[in-house]
Amino acid sequence: MDGKVLALIAAVVLAAVAVTAAVIEMTREEPTGPAPSAPALQAPADPFRLELRRCQEMGEAAANDVECLRLWAGNRDRFLGRTPAPSTSAQPDAGPIGGQ
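As the structure is a computational prediction, the values presented were derived from the model and not from experiment. (Residues numbered from 1 in each chain as written. Predicted model: local features only at pLDDT ≥ 70, side-chain atom pairs only at ≥ 80, totals over all residues. Heavy atoms only, no water.)

Student: I would appreciate a short explanation of the overall build of the protein in the present structure.
Tutor: Of the regular secondary structure elements, the protein holds three helices and zero strands. Counting all 100 residues of the protein, 6% fall into the buried class. Per element, the accessible surface of the protein, about 9,300 Å² overall, is 63% carbon and sulfur. (Helix = DSSP H or I, 4+ residues; strand = E, 2+ residues; numbered from the N terminus. Buried < 20%, exposed > 50% of the residue type's maximum accessible area, 1.4 Å probe, protein only. Areas by Shrake-Rupley, 256 points an atom, 1.4 Å probe, with all protein chains shown as cover.)

Student: Explain the pattern of salt bridges here, please?
Tutor: Applying the stated criterion to the full structure yields five salt bridges. Close ionic contact of Glu25 with Arg28 constitutes a salt bridge, the shortest N to O distance being 3.5 Å. As a salt-bridge pair, Glu51 and Arg54 come within 3.1 Å of each other at their nearest N and O atoms. Of this pair, Glu51 and Arg54 both sit in helix H2 (residues 47–58), three residues apart, roughly one helical turn. In this structure Glu51 comes out as partly exposed when scored by relative accessible area, which is 29%. A relative accessible area of 32% means that Arg54 is categorised as partly exposed. When salt bridges with common partners are traced through the structure, they connect Glu51, Arg54 and Asp65 into a single cluster. (Salt bridge = Lys/Arg side-chain N within 4 Å of Asp/Glu carboxyl O.)

Rendered as structure tokens:
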């Protein structure tokens, strides 16, 4: 067999496969009936995430907001796997100046 005849046979076989695939796809029946419905899974509202979102929406003003700075520090510690630093807001009373 020479190359032209072999190429012609290959082209005919390829065309037959393409036509067969098209016919099968056109005669396929779509499933009828309602689609199965599953309840949408939503994560419970995380107050920490909501506060972070609020700080994000504040834009540049959040850089001066004490609460946003505290939230960002906590998020950074959580991401890095560190234990949060102890709060420095409650300082013991040092008494009067001069130690009296």
